[in-house]
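Structural overview for review
Residue-level listing of the chains:
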Amino acid sequence: MADGIPLNPVRKNSKKAAYYNAGRPVRYQIEDEASNLDEMPLMMSEEAFENDESDYHTLPRARINQRRRGLGWFLCGGWKVLCGSCCECLTHTCRRKKELKARTVWLGHPEKCEEKYPKNAIKNQKYNILTFVPGVLYQQFKFFLNLYFLVVACSQFVPSLKIGYLYTYWAPLGFVLAVTMVREAVDEVRRYRRDKEMNSQLYSKLTVRGKVQVKSSDIQVGDLIIVEKNQRVPADMIFLRTSEKTGACFIRTDQLDGETDWKLKMAVACTQRLPALGDLFSISAYVYAQKPQLDIHSFEGNFTREDCDPPVHESLSIENTLWASTVVASGTVIGVVIYTGKETRSVLNTSQSKNKVGLLDLELNRLTKALFLALVVLSIVMVALQGFIGPWFRNLFRFIVLFSYIIPISLRVNLDMGKSAYGWMIMKDENIPGTVVRTSTIPEELGRLVYLLTDKTGTLTQNEMVFKRLHLGTVSYGMDTMDEIQSHIIQSYAQVSSAPSNGSSASSTPSRKAPPSAPKVRKSVSSRIHEAVKAIALCHNVTPVYESRANGASTEPESTEADQDFSDDNRTYQASSPDEVALVRWTESVGLTLVNRDLTSLQLKTPAGQILTFYILQIFPFTSESKRMGIIVREEATGEITFYMKGADVAMASIVQYNDWLEEECGNMAREGLRTLVVAKKSLSEEQYQDFESRYNQAKLSLHDRTLKVAAVVESLEREMELLCLTGVEDQLQADVRPTLELLRNAGIKIWMLTGDKLETATCIAKSSHLVSRSQDIHVFRPVSSRGEAHLELNAFRRKHDCALVISGDSLEVCLRYYEHEFVELACQCPAVVCCRCSPTQKAQIVRLLQQHTANRTCAIGDGGNDVSMIQAADCGIGIEGKEGKQASLAADFSITQFKHIGRLLMVHGRNSYKRSAALGQFVMHRGMIISTMQAVFSSIFYFASVPLYQGFLMVGYATIYTMFPVFSLVLDQDVKPEMALLYPELYKDLTKGRSLSFKTFLIWVLISVYQGGILMYGALVLFDQEFVHVVAISFTALILTELLMVALTVRTWHWLMVVAEFFSLGCYLASLAFLNEYFGIGRVSLGAFLDLSFITTRTFLWKVCAITLVSCLPLYIIKYLKRKFSPPSYSKLSS
């Protein structure tokens, strides 16, 4: 792909590596000897290993220190490095005390904790009472523009530097600051209220005296907290007890990892067995928990009960935890708090929101610095021409203040008002209803995006699975032929129900009883369908939940269960994977219904209403390594033992008996964007099962390599299994996802999908949503764990051309650790990138990587609490109000209701906002430069006197009432109709190059301003040599007319409000001529030059003003006409 990129390992001393490692999950900071070898460059001679490892690290650093000497280094940015290292040192000293540690937590005894742990309060505010004013002022004055005005306004308090009235400088500055402060204060109050609401939620705390109500913010480590159904878990807890008989409960984790499926959690066996709640205080027990870390998918700890002989030890894993921000979905749970506040997983995974500054604002900031430089040079030239006489430095400062209009303060006012106008237009657009602009300062960013990072679940997909296809090898059933399956199932169970005893239900398929060794008999289609449906109905981890009858379903005796028939209307299915729910729903639709499940048995209802009971002997859950799940069941009626298994085709292909259709059909289904599962079974005799069970239990007790031994025992069963069927499930995409992604791709936007989901699922959705086009190859990055493996894999990837990359979070972590720069450079050349199994922190880290390495603008879009970090880190964050709650849409800069709206938001509103702001910004600068040019010409003629040409009110009026409305009406201008922008998304590519506002366009405006200012002033002086006293009236009138004509020249599409603004401003000016006549003299009124109304109405005045205006504007009109004729911009070719 990029054969030229050398793969050099990132050295230890690289600053970026240090920065990323600072926020890394703890597991990567534990460095053993092996990883120290890993740190060394790959191409290293034998002798190098003889050097001490510490020497290896100090060598490069020593070399750097030798280079870093001398004054030149200090001036060329060395001071920044020094300040930075001082700050780092200070923060390190302040934070050293708060090192995260592993802890021992005694049940119900917070006072026994050795350390002081953080308060369990949620805090999203940026400021507090003391830091609000300084914080907001700093955010404003870090912009050169505002700082410059502050200095100029303060200078007017010095009598010798005073030039005009104070209000002409302080009023605009005060207005800008007041508006900003009010806006920030409103946002802060909203955040404070949201936090207060969360922190004051009440929970039941278990004490020796019974239950006590306690606020969420007052919960401490060691407290025993009771969480009811549908209540948020307030802190990270270990799950001790539940009201459910099974000792397990479901929780919803959508605000933590973005997945809407429910997760099954197990209570600690020792505490679940206690007869009553109060017994938790009668035992002496503690939990040992590892130190807080980022990884939400893992946990290691131990539970110890001391007061019995021998002491009881239980190991704790992720399935015994209840993380904060998850919601209990079934039963009531009791847990002991182990982490609070800042140390909870959810807070560790959310980044602090930053103040976002648009690229356009940064560009304008650069231009204002250039203007300031020009201003200083001009002032020095003026003083030099005076001959540096008298107190020349005072004169220099007076000139700087006099020409300060080169940098107009109205620039910020106009741009801020413009941004608010764009926000209002976005929210009022009927084509994207429900869109909310939450950050009004960055609408122009929507027009400059190069990378779009999107979540998968709930953003691209609806997370609603629909069963689409069943393939039996010789026959395939689609959506339209499901009724055939139903009739086959009804038929095969009807044969059974005609038999008298309930027991004979098992002999539903005689062919199934043939021992595995017998020669294969071609089964009838009916029996094969029956086998397949039954396997799908049994091989899963789904639990039926009955809403209206509170827990009644599982507690009543079985005889009544059959009578009550488990009414279908209030049954919902819960599982940790939506695919499984879709499969069980489908078996229900064809007649075989799962009606009850606990830890030891399953019950199915046949079409005739019979209940079949199966005992669960073993269950092998799905893992991302094995890519399959299995279950061993014994049918109650016949005692027959069957091992069912389902999994991904890659894992199952070697397990099932030889066949010639599986691989081809899997490929066909994958191309349709379906998620495939292969289902197989194996009948076991009692002896076979007993033998397996003893070996399995032995493996589970071994202390060394436990997982490997268990896997080996299970694999002994997974041989020569009978292939039953292949299922295809579709994860339904959001409306219009495909055309929207295509639109964005054509607009030159690179799309990266970051998801917490499995690799297979992510790849599947990438294909079905056309994120990866059909002709493109997909390169799946193999899992890597060391630097050597990463090096080899990156080399393999480098040889691929134009292919999409799929990589998992763990491999990504390793690549970024050693080959950050190379990896990002390679990935940026891919047409699409899919990162799966990403933690919330990793998502944000990828965004920051792209910002650092490419310097392009990034946009993140998501809908769950796990996307908040990514949304806040991106230059522009978009949240979707989805099933996963409002957390993402509240944290985002823009909130939309559907993914498809992003097309219009970027192509139309992004384009307009950027183009309009660029035109508005440059026009306001032009307005300031033209008057400064006139002042310079005036001063040079009047013996370089630092006297203002126009008095206080004229200057304020010029920037406000006389020209503000026409200039501001540029926010209504548009170069391309919305339909055109959506029809030709390629137009968007031009915007990302930033050509509408660059040093080139800025210089053109400078030349126009100098030309026009010179013409207006010299014209006034040359044509009115007799009426010299009237030079102010003449030049100012011509100036106003020129500005109004220039607005007309800049406009590309006229709007009726623009015409109104032009005439209104002209009317205001003519009216003021009559009333403000004392301002139109030269200097002060003492010169006796009152405006003569009779002079204004003479014909000579009128033709001379018109002549000057014509000379200043006509050439520009001619140039514009010729340019449109001979080199028109791309969009004008379309609109014509």
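It should be emphasised that the depicted structure is a prediction, and the values quoted were computed from it without experimental measurement. (Residues numbered from 1 in each chain as written. Predicted model: local features only at pLDDT ≥ 70, side-chain atom pairs only at ≥ 80, totals over all residues. Heavy atoms only, no water.)

Okay, the overall build of the protein next. Within the protein, the secondary structure is distributed over 42 helices and 33 strands. At a minimum sequence separation of 6, the contacts of the protein that also span at least 24 residues come to 74%. With an accessible surface of roughly 51400 Å², the protein has 59% of that area assigned to carbon and sulfur atoms. (Helix = DSSP H or I, 4+ residues; strand = E, 2+ residues; numbered from the N terminus. Contact = heavy atoms within 4.5 Å. Areas by Shrake-Rupley, 256 points an atom, 1.4 Å probe, with all protein chains shown as cover.)

For the rest of this paragraph, the subject is the side chain of Ser-1065. Following the sequence through the fold, Ser-1065 ends up in helix H39 (residues 1056-1075). Once you skip the residues sitting within four places of it in the chain, Ser-1065 turns out to touch Ile-961, Tyr-962, Phe-965, Pro-966 and Leu-1044.

At a minimum axis distance of 10 Å, the contact between helix H14 (residues 410-428) and helix H32 (residues 901-941) shows a crossing angle of 160°. The angle between H14 and H32 places the two elements in the roughly antiparallel class. The hand of the H14/H32 crossing is right-handed. In this structure, H14 uses Ser-410, Leu-411, Asn-414, Leu-415, Tyr-422, Met-425 and Ile-426 to contact H32, whose residues at the interface are Leu-905, His-909, Ser-913, Arg-916, Ser-917, Leu-920, Gly-921, Val-924, Met-925 and Arg-927. (Axes fitted to C-alpha atoms, helices over the stretch in contact; angles between N-to-C directions. Parallel < 35°, antiparallel > 145°, perpendicular 65-115°, else oblique. Left-handed = near helix turned anticlockwise from the far one by under 90°.)

Quick look at the sheet that holds strand S1 (residues 103-106) now. Here four strands make up an open sheet; going across it, the order is S1-S8-S9-S10 and the pairing antiparallel. The outermost strands of the open sheet, each flanked by one partner alone, are S1 and strand S10 (312-316). Across the sheet, the axes of successive neighbouring strands diverge by a mean angle of 20°, strand direction being ignored. Two elements, S1 and strand S8 (residues 285-289), share four bridges in a ladder whose sense is antiparallel. (Pairing = 2+ DSSP bridges.)

A word on the packing of aromatic side chains. If you walk through the whole model with that rule in mind, you get 28 aromatic pairs. Here the aromatic rings of Phe-144 and Phe-372 are separated by 5.3 Å at their centres, their planes lie at 65°, and the arrangement is edge-to-face. Highlighted residues: Phe-144 in helix H6 (residues 144-155) and Phe-372 in helix H12 (residues 359-386), separated in sequence by 228 residues. Here Phe-372 falls in the partly exposed class, since its relative accessible area comes to 27%. Ring geometry for Phe-299 against Trp-323: centres 5.9 Å apart, planes inclined by 75°, an arrangement best described as edge-to-face. With Phe-299 in the loop between S8 and strand S9 (301-305) and Trp-323 in the loop between strand S11 (321-322) and strand S12 (327-328), the pair connects residues that are 24 residues apart, well separated along the chain. Taken together through their ring pairs, the aromatic side chains of Phe-620, Phe-643, Tyr-689, Phe-692 and Tyr-696 make up a single cluster. (Phe/Tyr/Trp six-rings, centres within 6.5 Å; stacked < 30°, edge-to-face > 60°. Buried < 20%, exposed > 50% of the residue type's maximum accessible area, 1.4 Å probe, protein only.)

The calculated volume of the second largest pocket comes to roughly 1400 Å³. Along its surface, the second largest pocket is lined by 33 residues, and Thr-1001, Ile-1004, Arg-1052, Lys-1123 and Tyr-1131 are the ones closest to its centre. Only H32, helix H36 (987-992), helix H37 (999-1023), helix H38 (1031-1050), helix H41 (1099-1126) and helix H42 (1130-1135) provide two or more residues apiece to the lining of the second largest pocket. Tallied by class, residues from the lining of the second largest pocket come to 16 nonpolar, eight polar and nine charged. (1 Å grid on protein atoms, 1.4 Å probe; cavity = no way out; pocket = protein on both sides within 12 Å on 5 of 7 lines; lining within 4 Å. Points joined across faces, edges and corners; volume = space filled by probe spheres on them. Nonpolar A, V, L, I, M, F, W, Y, C, P; charged D, E, K, R; others polar.)

This part is about the pattern of salt bridges. Scanning the model with the defined rule gives 34 salt bridges in all. Between Lys-356 and Asp-893 there is a salt bridge whose closest N-O contact spans 2.7 Å. A residue pair is termed long-range when its members are at least 10 positions apart, and Lys-356 in the loop between helix H11 (345-348) and H12 and Asp-893 in the loop between helix H31 (887-891) and strand S33 (894-896) qualify at 537 residues. With respect to burial, Lys-356 and Asp-893 carry one shared label: buried. Between Asp-736 and Lys-900 there is a salt bridge, with its nearest N and O atoms 3.7 Å apart. Of this pair, Asp-736 sits in the loop between strand S26 (722-733) and helix H24 (737-746) while Lys-900 sits in the loop between S33 and H32; the two residues are 164 residues apart in sequence, bridging distant segments of the chain. Connected through salt bridges with shared partners, the residues Asp-361, Lys-419 and Glu-444 form a single ionic network. (Salt bridge = Lys/Arg side-chain N within 4 Å of Asp/Glu carboxyl O.)

Another aspect to go through is the sheet that holds strand S5 (residues 236-242). Taken in spatial order, the six strands of this open sheet run S3-S2-S4-S13-S5-S11, and their pairing is antiparallel. Of all strands in the sheet, those bounded by a partner on one side alone are strand S3 (210-215) and S11. Across three bridges, strand S2 (residues 202-207) lies against strand S4 (residues 224-227) in antiparallel orientation. Within the sheet, the bridge partner assigned to Leu-206 lies in S4 and is Leu-224.

What follows deals with helix H5 (residues 132-141). Every buried residue of H5 is listed here: Phe-132, Gly-135, Val-136, Gln-140 and Phe-141. Contact partners of the buried residues in H5: H6 and helix H7 (167-199).

Counting 92 residues, the largest nonpolar core has Ile-878, Phe-894, Ile-902 and Leu-906 as the members making the most contacts within it. With 12 residues, the single largest contributor to this core is H32. The contacts of Leu-906, once residues within four sequence positions are left out, are Leu-446, Leu-449, Leu-744, Ile-749, Arg-911 and Tyr-988. Counting 42 residues, the second-largest nonpolar core is a separate cluster that includes Tyr-573, Leu-602, Phe-614 and Val-633. (Core = buried A, V, L, I, M, F, W, Y, C linked by side-chain atoms within 4.5 Å.)

Glancing now at a nonpolar patch on the surface. There is a patch of nonpolar side chains on the surface, built from Leu-1045, Leu-1110, Leu-1114, Tyr-1117, Ile-1118, Tyr-1121, Leu-1122 and Phe-1126 and spanning about 820 Å² of accessible area. Among the elements that take part in the nonpolar patch, H41 stands out by supplying seven residues, more than any other. Within the secondary structure, Ile-1118 is located in helix H41. (Patch = residues over 30% accessible without salt bridge, like charges linked within 9 Å, V, L, I, M, F, W, Y side chains within 5 Å.)

Among the secondary structure elements, Met-955 is positioned in helix H33 (residues 952-959). Judged by its relative accessible area of 10%, Met-955 is buried. Separated by 550 residues in sequence, Met-955 and Tyr-405 have C-alpha atoms that sit 9.1 Å apart. Met-955 has contacts with Tyr-405, Ile-931 and Tyr-950, leaving out every residue within four places of it along the chain.

A cis amide bond, omega -5°, links Asp-309 with the succeeding residue Pro-310. Take Pro-310: it is sitting in the loop between S9 and S10. With phi around 65°, His-770 is a residue other than glycine that occupies positive phi space. Counting through the fold element by element, His-770 comes out in the loop between helix H25 (759-768) and strand S28 (777-780). The partly exposed category is assigned to His-770, whose relative accessible area is 25%. In this model, Ala-855 sits at a positive phi of 60°, which is unusual for a non-glycine residue. Within the secondary structure, Ala-855 sits in the loop between helix H29 (840-854) and strand S31 (857-862).

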